[in-house]
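Structural overview
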Number of protein chains: 2
Amino acid sequence: MKSTIASILSSPNLHQDYNVYGWVKAFRSNRFIALNDGSTIKNLQCVVDFENFDKSLLDQITIGSAIKIFGVLKESEGKGQSVEIEVSKVEVLGLADTDEVKKTILQPKRHSLEKLREQAHLRVRTNTFGAIMRIRAKLSYAVHDYFNSNGFFYVNTPIITGSDAEGAGEMFKVTNLNLKDTPKTTSGDINFKEDFFGKETNLTVSGQLEAETYALGLGNVYTFGPTFRAENSNTSRHLAEFWMIEPEMAFCDLDGNMDLAEDFIKHVLSYITEHCQDDLEFLEQRLLQEEKSKPEKDRSPMPLREKLDFVINNQFKRVSYTEAIDILKNSKPNKKKKFDYVIEEWGADLQSEHERFLVEKHFKCPVILFDYPAKIKAFYMRLNDDQKTVRAMDILFPGIGEIVGGSQREERFDVLKSKMEELNVDQDELWWYLETRKFGTCVHSGFGLGFERLVLFATGMGNIRDVIPYPRTPQNADF
Amino acid sequence: MKSTIASILSSPNLHQDYNVYGWVKAFRSNRFIALNDGSTIKNLQCVVDFENFDKSLLDQITIGSAIKIFGVLKESEGKGQSVEIEVSKVEVLGLADTDEVKKTILQPKRHSLEKLREQAHLRVRTNTFGAIMRIRAKLSYAVHDYFNSNGFFYVNTPIITGSDAEGAGEMFKVTNLNLKDTPKTTSGDINFKEDFFGKETNLTVSGQLEAETYALGLGNVYTFGPTFRAENSNTSRHLAEFWMIEPEMAFCDLDGNMDLAEDFIKHVLSYITEHCQDDLEFLEQRLLQEEKSKPEKDRSPMPLREKLDFVINNQFKRVSYTEAIDILKNSKPNKKKKFDYVIEEWGADLQSEHERFLVEKHFKCPVILFDYPAKIKAFYMRLNDDQKTVRAMDILFPGIGEIVGGSQREERFDVLKSKMEELNVDQDELWWYLETRKFGTCVHSGFGLGFERLVLFATGMGNIRDVIPYPRTPQNADF
């Protein structure tokens, strides 16, 4: 019977024969093989009676080699594991040359995260990245499971978009033209009629507008797909290509939107605390080790799992933009001009330093800010009766900053139309979006959640490049 | 209590008060509102005691309008439904102007699929597209659920790729350069060093190579994401942007790969026959109606649900390429030269006409062809001992053609390297792929399944543009 190590360890059948495949993590005393197959962070101890094995075979059991083990499962007498395989046969499937391994991150010693990024094709074989990527996968599953169970339909909005009116950021161009000699019109512009789609096209920055059209037919929908920003932001929180989750709900106002976002985040985090215990424990220990070298003030206030439990078990604090401005104006760092951008009056856009102050110093918990000034928000957000604010909300997380941005959408045709005019949003381009407000429009809301930021929070990692298999950032599209 | 129509109909609480939101599908005799909220294809009958309602309010209950109903759930005395809402209050949320509606596909009459495509922002509000998109969503969920339950980890491989060596088809360029005046090197080539990623980049045609690197760490992984082909194929089976599912399994050979693919397809189809009964019934009836106008020979041999059950309950026929060639050579259409491409000898690439003959005429069931000539397949497929064939497999479906393409991967470093040399695959570009064969390589396999083809099969639709919300095809990137 061929079994994964995860299945053997979670439901061991003692005295049964097993075939196990995996990679050698360690081989101690010519006797104890620590075997890992990626199904779990835990290794399976395989005990070799070396005196009865071919010496040349044992020499091939090097770190990184792929092997197949036949043997019987026994209770373990050693420390650190409850069961082990008493090996009757070993087959070496693929040798890992010890000298070659030494040149890579597979060599079992501490490597910098930067070095691991340079060998991104191998880093998933390290304990740290195995753990991160299993958690990422389980979080993804929890997302689909949550929405499916709650009556949401998954929608695949287009990646290549003919519209550049979404307004969420700089876009990448998609083209099939010969770049050496792009065709021109008589007036000297690029002749996009000759391009594959017969028009200028870009990579999407958000599926929201299309998702709205689907919510106005199916009720509750969500997207979960890649989105793109061509912004030259070389920070630990930005990627040029990242995955976004965007639910959109008909007949739902901003309060319902905030309720959903909070419930959703708590649910998916709760799912991984249940299903990824070993990986979370490993990452928690890793983080504690790492933080030992930091000054006390830069350390996390809580160990990883405690931090997750704290978010799961406590209400997010809901604060209006207006209240937040008051808090910030009266705060010490503002009065002492410690902020780079001192808050002087209502209407100011909040910077990351302000968000961090609110979340990490003032409230010490996740915060939902709502009812922002219309002037600093997008055209599709619903105008409040005060004519000054819109029904927008952002969720801010400790250490991560903005993790969710959402709003109730402007459902009134006339208001939306004049807002588009005011902000120079191309109505010819977005005729279809505007038109959804003509045929049975209704209150509806939605939000976008940057998936990698959620994985950052869930794993306790510090750099967003370390929570996606092959990160895309300025000057980097390797692998 | 706010409830979806799906939840009311699946577990009705008689004599309870309900708040229901939805769009008016029909309003008969000033008395019977058929309300739909997209959660199910079924309408909720809402009965208005029109004599006690404001006439001007009733006038606003037009087809397409969004309304909110308050009322109590009763057993229905009418035909066609078991329960109905006795309405105590109606609120019109968004009016749909009757004259405006007449200009759109929301007007309740038969519209061509082509016309529906032109109004893709509204078509999800029709019965047909509501049904298709709910089935699409449930199929997606079944995919994630199947893999998660079977120990596979979801992996997001990159969409923007610096490699053009994947070889699965023509690629779209992704760039941030000024197309009017692209920067050139001294030798006159485009200077991609000035582009966002500092190199030439494209949209991925497959996540396989990256998924392989992850399978060689995590064991079993899968991707489910968008892939792209810049091919000028204006057919009913091709999209420029489509979603692909690509599982990849370490320690798994071609037999295991075929087993997985068959089990997977059966599982997800079985999931929708269980969870999408109403939508499938509707599409089945629709298809039967549509086919009445066709000559008998062009009609489907089975109604939709029977066809799905047939695939779920019968073994796929596994046939080697060599056997298939023998069958084709001796077939009537080949002997009578009815094929556009007459099969003359072993080694010929199979065309869609041959695949259709095998599946629809000869075997009359899904067929898995395996062990293809090396010459007509990709560089990464494992060479058999005969040195002539590779461990490739394609799954062919009636009416759809190729739905899966997969293989056991060449795991031997030297063989892979010389194959790349032979086929001029850039080793500098794919150094990382080759290197995975150096550190504990092992037998591994995987396949790609075009998700929209599966949705085509599951819904019985004829054109792939009708199973994705906003299709991208040559000269079309609308919405």
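Residues numbered from 1 in each chain as written. Chains lettered and ligands numbered in written order. Predicted model: local features only at pLDDT ≥ 70, side-chain atom pairs only at ≥ 80, totals over all residues. Heavy atoms only, no water.

Going by what an unreviewed UniProt entry lists, chain A is known as Asparagine--tRNA ligase and is assigned to Psychroflexus salarius. In its Subunit (unreviewed entry) section, the UniProt record describing chain A reads: "Homodimer." Quoted straight from UniProt, the Catalytic activity (unreviewed entry) entry for chain A says "tRNA(Asn) + L-asparagine + ATP = L-asparaginyl-tRNA(Asn) + AMP + diphosphate + H(+)". (UniProt positions renumbered as here; feature names shortened; annotations may be inferred.)

1. Some remarks on the pattern of salt bridges
Residue and element names in this part refer to chain A. Per the counting criterion, the structure on display carries 54 salt bridges over all chains. Among the salt bridges present, the one from Glu114 reaches Arg117, with a minimum N-O distance of 2.7 Å. With a gap of three residues between them, Glu114 and Arg117 both fall in helix α4 (residues 113-118), about one helical turn apart. Take Glu114: its relative accessible area is 43%, and that puts it in the partly exposed class. For Arg117, a relative accessible area of 18% corresponds to the buried category. Ionic pairing is found between Arg134 and Asp279, a salt bridge with its closest N-O pair at 3.0 Å. Here Asp279 lies in helix α8 (residues 277-292) and Arg134 lies in helix α5 (residues 127-149), a separation of 145 residues in the sequence. (Salt bridge = Lys/Arg side-chain N within 4 Å of Asp/Glu carboxyl O. Helix = DSSP H or I, 4+ residues; strand = E, 2+ residues; numbered from the N terminus. Buried < 20%, exposed > 50% of the residue type's maximum accessible area, 1.4 Å probe, protein only.)

2. A word on the packing of aromatic side chains
Within this structure, the stated rule accounts for 58 aromatic pairs over all chains. With a centroid separation of 5.2 Å and an interplanar angle of 40°, the aromatic rings of A:Tyr470 and A:Phe479 are classed as tilted. Of the two residues, A:Tyr470 and A:Phe479, neither departs from the other in class, the shared state being buried. Following the ring pairs from residue to residue traces out a cluster consisting of A:Tyr146, A:Phe147, A:Phe152, A:Tyr154, A:Tyr222, A:Phe264, A:Phe447, B:Phe224, B:Trp243 and B:Phe451. The aromatic ring of B:Tyr372 is capped on one face by B:Lys377, whose charged end is 4.2 Å from the ring centroid. One Lys or Arg, B:Arg437, reaches over the ring of B:Tyr433 and ends 4.4 Å from the middle of that ring. (Phe/Tyr/Trp six-rings, centres within 6.5 Å; stacked < 30°, edge-to-face > 60°. Lys NZ or Arg CZ within 6 Å of the ring centre and 35° of its normal.)

3. Quick notes on the interface of chain B and chain A
In many reports, interface size means the accessible area that the parts give up when they come together. Contacts between the two partners involve 112 residues from chain B and, on the opposite side, 112 residues from chain A. With both chains or domains summed, chain B and chain A bury close to 9,200 Å², and 63% of this area falls on carbon and sulfur atoms. Taken together, chain B and chain A are joined by six salt bridges. Here chain B is connected to chain A by 39 residue pairs in polar contact (both at pLDDT 80 or more). Here the side of chain B that touches chain A takes eleven residues from helix α5 (residues 127-149) of chain B, the largest share from any one element. Of the residues that constitute the side of chain B that touches chain A, the class distribution is 53 nonpolar, 34 polar and 25 charged. (Contact = heavy atoms within 4.5 Å. Buried area = accessible area lost by both parts, 1.4 Å probe. Polar contact = N/O pair within 3.5 Å; in protein donor to acceptor, adjacent residues only side chain to side chain. Nonpolar A, V, L, I, M, F, W, Y, C, P; charged D, E, K, R; others polar.)

4. With respect to the relation of the copies chain B and chain A
Screw-axis analysis of chain B against chain A gives a translation of 0.0 Å along the axis, an RMSD of 0.0 Å, and a rotation angle of 180°. In short, the pair behaves as if placed about a two-fold rotation axis. If distances are taken from each C-alpha of chain B to the rotation axis, the shortest is found for B:Val174, at 2.4 Å. Looking at the interface residues of chain B, 100% of them are also at the interface in chain A, so both copies use one shared face. (Least-squares fit on C-alpha atoms with pLDDT ≥ 70 in both.)

5. Notes on the pairing of strand β5 (residues 83-94) of chain B
Residue and element names in this part refer to chain B. Here strand β3 (residues 44-47) pairs with β5 via two bridges, running parallel. Among the inter-strand pairings, Val47 is bridged to a residue of β5, identified as Glu86. Relative to β5, strand β4 (residues 66-75) is paired through ten bridges, and the arrangement is antiparallel. Looking at β5, one finds that Glu75 is bridged to Val83. (Pairing = 2+ DSSP bridges.)

6. What about the sheet that holds strand β7 (residues 160-161) of chain B?
Hydrogen bonds between backbone atoms are what pair the strands of a sheet, whose relative direction is either parallel or antiparallel. With antiparallel pairing, six strands are arranged side by side in an open sheet as β7(A)-β9(A)-β8(A)-β8(B)-β9(B)-β7(B). Unpaired on one side and paired on the other, β7 (160-161) of chain A together with β7 of chain B mark the two borders of the sheet. Bridge count between β7(B) and strand β9 (residues 201-203) of chain B: two bridges; the pairing is antiparallel. Residue pairing across strands places B:Thr161 opposite B:Asn202, the latter belonging to β9(B).

7. Here we look at the domain arrangement of chain A
Residue and element names in this part refer to chain A. With domains assigned, chain A is organised as domain 1 (2-104) and domain 2 (127-170 + 205-466). Taking the mean C-alpha position of each, domain 1 and domain 2 sit 44 Å from one another. Listed per partner, the contact involves six residues of domain 1 and six residues of domain 2. With both sides pooled, the region where domain 1 packs onto domain 2 buries about 480 Å², and carbon together with sulfur makes up 47% of that total. Considering only the surface of domain 1 that becomes buried against domain 2, Lys25, Ile41 and Lys42 emerge as the three largest contributors, covering 77% of it. Summed over the shared surface of domain 1 and domain 2, the result is two residue pairs in polar contact (both at pLDDT 80 or more). (Domains from an automatic or database assignment.)

8. Some details on the environment of A:Lys335
Residue and element names in this part refer to chain A. Tracing the backbone shows Lys335 in helix α11 (residues 332-335). Classification of Lys335 by relative accessible area gives exposed; the value is 58%. When residues no more than four places from it in sequence are discounted, the contact partners of Lys335 are Lys329 and Asn330.

9. Concerning the environment of B:Gly225
Along the chain, B:Gly225 falls in strand β10 (residues 220-228). Looking at B:Gly225, the relative accessible area reads 10%, which means it is buried. Linking B:Gly225 and B:Ser206, residues 19 residues apart in sequence, is a C-alpha distance of 9.2 Å. When near neighbours in sequence (up to four residues on either side) are disregarded, B:Gly225 contacts A:Trp243, B:Phe242, B:Trp243 and B:Met244.

10. Topic: helix α13 (residues 413-422) of chain B
All names here are of chain B. Along α13, the residues classified as buried are Leu416, Lys419 and Met420. For α13, the angular spread of the buried residues around the axis is 100°, confining them to a single face. Facing away from the buried surface of α13 by more than 90 degrees, the exposed residues are Asp414 and Glu422. Where α13 is buried, its residues meet β14 (389-397) and α14 (431-435). (Arc of directions from axis to C-beta.)

11. Remarks on the packing of α5(B) against helix α8 (residues 277-292) of chain B
Residues and elements named next belong to chain B. Running from N to C, α5 and α8 cross one another at 130°; their axes reach a closest spacing of 9 Å. As the angle between them shows, α5 and α8 are arranged oblique. Here the hand of the crossing between α5 and α8 comes out left-handed. Within the contact between the two elements, α5 uses Asn127, Thr128, Ala131, Ile132, Arg134 and Ile135 and α8 uses Asp279, Leu280, Phe282, Leu283 and Arg286. Here the residues of the contact of α5 with α8 sort into six nonpolar, two polar and three charged. (Axes fitted to C-alpha atoms, helices over the stretch in contact; angles between N-to-C directions. Parallel < 35°, antiparallel > 145°, perpendicular 65-115°, else oblique. Left-handed = near helix turned anticlockwise from the far one by under 90°.)

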